[in-house]
Structures are given as structure tokens and as C-alpha cells.
Amino acid sequence: MTDIKTNEFPFPSDGKRYYTWNRFLRDEFGCKVYKVALDAGFDCPNRDGTVAFGGCTFCSAAGSGDFAGDRVDPIPVQFDIIKEKMQHKWKDGKTMAYFQAYTNTHAPLPVLKEKFEAALACEGVMGLSIATRPDCLPDDVVEYLAELNERTYLWVELGLQTVHERTANLINRAHDYATYVEGVEKLRKHGIRVCTHIINGLPLEDYAMMMETAREVAKLDVQAIKIHLLHLLKGTPLVKQYEKGMLEFMDKDAYINLVADQLEVIPPDMVVQRITGDGPIDLMIGPMWSVNKWEVLNGIDAELKRRGSWQGKFYKPEEAETK
């Protein structure tokens with residue numbers, strides 16, 4: 001990973017004040033690298049009764065893979081279709097197969113191997129990004145991931161969302177923070193790169209709670225973070241919580257300031273794969289300002305510049321666990 005110093009402005013090369021995914025990949029590979037989102041047809045353990053039913057309350061029927069391929073298609077067909085769409089935006093570059101929808105290690109090992117190897121065989125694929133849960137990392141799967149990590153470029157994306165157990169119960173995560181820490185340790189034992197997902201704006205969470213989640217992630221041995229804004233989508237269990245007054249949409253300026261604050265306390269060498277997001281417009285209930293993604297991104301850039309600040313400015317490595 002690029003040597004980035006703490007507590008001084010470290011990001012002059014791309015004009016950003018945080019360590020962007022785009023910059024990281026260009027530094028690693030010397031060209032544009034983009035993900036091709038796939039749906040391998042898996043389920044989730046908190047949907048199918050393994051640990052709970054109903055899934056996370058915020059999750060759509062597509063299992064957070066609303067922009068992924070169609071699960072009825074074989075992996076190579078999905079890959080070609082999505083890649084062709086992506087090439088309208090980026091004509092050149094390398095591709096990572098991104099297993100995005102649902103929980104992508106929640107299946108017997110032979111099934112996982114069939115799916116992942118099919119993706120690796122697609123033309124132009126230089127690596128895999130696998131989204132999953134920390135409670136779906138049995139030893140045989142971790143051993144296979146370790147083997148993959150030796151022969152391809154691998155990231156595992158682990159959904160955390162929050163470190164607060166009350167919130168985790170409200171959104172039906174069906175695992176605790178200790179399980180998350182254990183999952184990270186299993187992967188890092190084999191040198192597997194880990195990206196942590198967190199969500200701002202979850203039910204009944206205030207500023208202090210969201211900042212605590214960011215500070216706890218800063219202590220983990222993870223190499224990247226995705227910061228999401230909670231979207232309320234039609235047909236999700238979260239709608240009932242919203243109707244009960246348990247959820248208030250974040251204001252755009254509040255979100256921009258919060259993300260800037262979170263960036264300031266995470267390590268400067270932690271890659272920021274995402275700092276906002278947008279849901280399918282036909283399913284969105286709110287907050288509707290989020291569909292103007294570039295306004296949000298530009299707002300975060302402007303706020304960091306206004307402060308004279310950057311990612312990691314207030315990060316305290318002495319407070320973090322040994323990495």
C-alpha cells in the first residue's frame with residue numbers, strides 16, 4: 001500500500017483530500033480498474049432462517065445488488081452484459097468481478113468454487129471482490145479464500161453497518177460486533193484485504209453513535225471502508241420503522257459534515273471505496289437529495305477544503321489496536 005503519512009496533507013496527486021479507491025487502484029495497476037457487479041444466486045442467513053428471517057430491514061429484495069446482473073443468467077453472461085454497460089462510461093481499463101448481491105459465502109464450498117472460478121475465467125478479469133457477512137466465514141471457506149488470494153487480486157467486503165448492538169437488533173443484523181472482529185481476524189490471518197461497510201443515518205442513531213462506529217473501524221486491521229447513506233426503499237421492513245417515527249432522514253449538509261468528521265478520524269492509508277451512494281430511483285422514498293450523488297461528493301470535497309482538513313488529520317494511531 002502507498003506510504004501515506006499521518007497528520008499532514010498526504011493527497012496531492014489527484015486533488016482529493018481522502019484516499020480514493022480510484023487513486024489506489026491507479027497506483028496499484030497504472031490504469032483504470034472498475035467492478036462488474038454480479039448476482040450469484042445466494043441468499044442471506046438472516047433471510048433464510050439460518051440465524052433469522054426477513055433480512056436487514058434496509059435491504060431491498062435484490063439483496064443490495066440492485067445494480068448487479070440478473071441471477072437467472074450464468075456468471076459469464078452476467079459479466080458480459082454488465083461489462084458492456086460499464087464500457088459506455090470507461091472504454092479502457094481492467095475489471096474486477098464483484099459478487100455484490102446477498103451474502104456471497106453463504107453456500108457450500110463446491111458452489112462457491114463454481115461461481116468464483118467462472119468469474120475468474122471471464123476475459124479481462126484481474127481479480128475478485130466478494131461481499132459477505134462476518135458470520136459466514138467457516139474454516140473451509142476461509143482456506144479457499146486464502147488460496148484465491150495467492151493467485152488473484154482479492155478483496156472481501158464485510159458488512160458491519162454499526163458497532164451499536166441496539167441498532168444492530170433494530171435492523172436485524174443477527175450478529176454482534178465481536179463476531180465482526182473475529183471475521184476480520186480470520187481473513188487478515190491470511191493477508192486477505194478487507195473492506196468494512198458502515199451506514200450513516202440508521203434508526204435512532206445520533207451523531208455521536210455514528211462517529212463511534214467510524215472510530216472503532218479505525219482501530220481494526222481493515223484496508224478499506226465504504227461509507228453509505230441509509231436509503232429508505234419501497235417494500236423494505238424499514239418502511240414500518242419509518243412510519244413509527246424510528247427513522248428520520250439525514251439532512252444533506254449534516255451528512256456532508258458527518259462524513260468529513262469521519263474521514264478525519266480514520267487512518268490516512270485506509271482506502272475509501274465509497275462515501276455516499278444512491279438507490280434505485282423507482283424504489284426511493286428518501287432522502288431524495290441523495291440521488292444527486294455528485295452534489296454530495298463535491299460538497300464533501302468543499303467541506304474538507306474549507307476546513308483545511310483531510311483524511312486522517314485527527315487519527316490517533318496510539319489509540320488503535322496493533323495492526
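Here, every reference points to the structure presented above.
Residues numbered from 1 in each chain as written. Predicted model: local features only at pLDDT ≥ 70, side-chain atom pairs only at ≥ 80, totals over all residues. Heavy atoms only, no water.

Draft legend 1. Here's a closer look at the sheet that holds strand 1 (residues 33–38). With respect to topology, seven strands assemble into an open sheet ordered 1-2-3-4-5-6-8, the strand pairing being parallel. Of all the strands in the sheet, the pair left with one neighbour each is strand 1 and strand 8 (271–274). Averaged over neighbouring strand pairs, the angle between their axes works out to 25° when direction is ignored. Two elements, strand 4 (residues 153–161) and strand 5 (residues 193–200), share six bridges in a ladder whose sense is parallel. Looking across to strand 5, one finds that Glu157 is bridged to Cys195. Helix 4 (residues 139–151) contacts strand 3 (125–132), strand 4 and strand 5 of the sheet and is inclined by roughly 135° relative to strand 4. (Pairing = 2+ DSSP bridges. Helix = DSSP H or I, 4+ residues; strand = E, 2+ residues; numbered from the N terminus. Axes fitted to C-alpha atoms, helices over the stretch in contact; angles between N-to-C directions. Contact = heavy atoms within 4.5 Å.)

Draft legend 2. Summary view of the packing of aromatic side chains. Summed over all chains, the structure comprises nine aromatic pairs. Consider the rings of Trp21 and Phe24, whose centres lie 5.9 Å apart with planes at 20°: the pair is stacked. Highlighted residues: Trp21 and Phe24, both in helix 1 (residues 21–29), separated by three residues, approximately one helical turn. Residue Phe24 is classed as buried on the basis of its relative accessible area of 3%. Each member of the aromatic cluster is reached from another via a ring pair, and the members are Tyr19, Trp21, Phe24 and Trp155. Above the face of the Tyr98 ring, Lys35 is positioned so that its terminal group lies 4.4 Å from the ring centre. Directly above the aromatic system of Trp310 lies the positively charged group of Lys313, at a separation of 5.0 Å from the ring centroid. (Phe/Tyr/Trp six-rings, centres within 6.5 Å; stacked < 30°, edge-to-face > 60°. Buried < 20%, exposed > 50% of the residue type's maximum accessible area, 1.4 Å probe, protein only. Lys NZ or Arg CZ within 6 Å of the ring centre and 35° of its normal.)

Draft legend 3. Representation of the pattern of salt bridges. As enumerated under the stated definition, the model contains 15 salt bridges in all. Residue Asp135 is joined to Arg133 by a salt bridge in which the shortest nitrogen-to-oxygen separation is 2.8 Å. On the basis of relative accessibility, which here comes to 27%, the residue Asp135 falls in the partly exposed class. Between Lys252 and Glu295 there is a salt bridge, with its nearest N and O atoms 3.2 Å apart. (Salt bridge = Lys/Arg side-chain N within 4 Å of Asp/Glu carboxyl O.)

Draft legend 4. Focus on the environment of Ser309. Topologically, Ser309 is positioned in the segment after helix 10 (293–307). Separated by 48 residues in sequence, Ser309 and Asp261 have C-alpha atoms that sit 9.5 Å apart. Contacts of Ser309, omitting those with residues within four sequence positions, involve Arg17, Glu264 and Leu304.

Draft legend 5. Quick look at helix 6 (residues 177–188). Helix length check: helix 6, at twelve residues, gives a terminal C-alpha distance of 17 Å against a target of 16 Å (1.5 Å per residue), a fit within 8%. Burial in helix 6 covers these residues: Tyr177, Tyr180, Gly183, Val184 and Leu187. When helix 6 is viewed along its axis, its buried side chains cluster within an angular range of 115° and face the same direction. In helix 6, the exposed positions that point more than 90 degrees away from the buried face belong to Ala178 and Glu185. For helix 6, the secondary structure elements touched by its buried residues are helix 4, strand 4, helix 5 (165–170), strand 5 and helix 7 (207–219). (Expected span 1.5 Å × (residues − 1). Arc of directions from axis to C-beta.)

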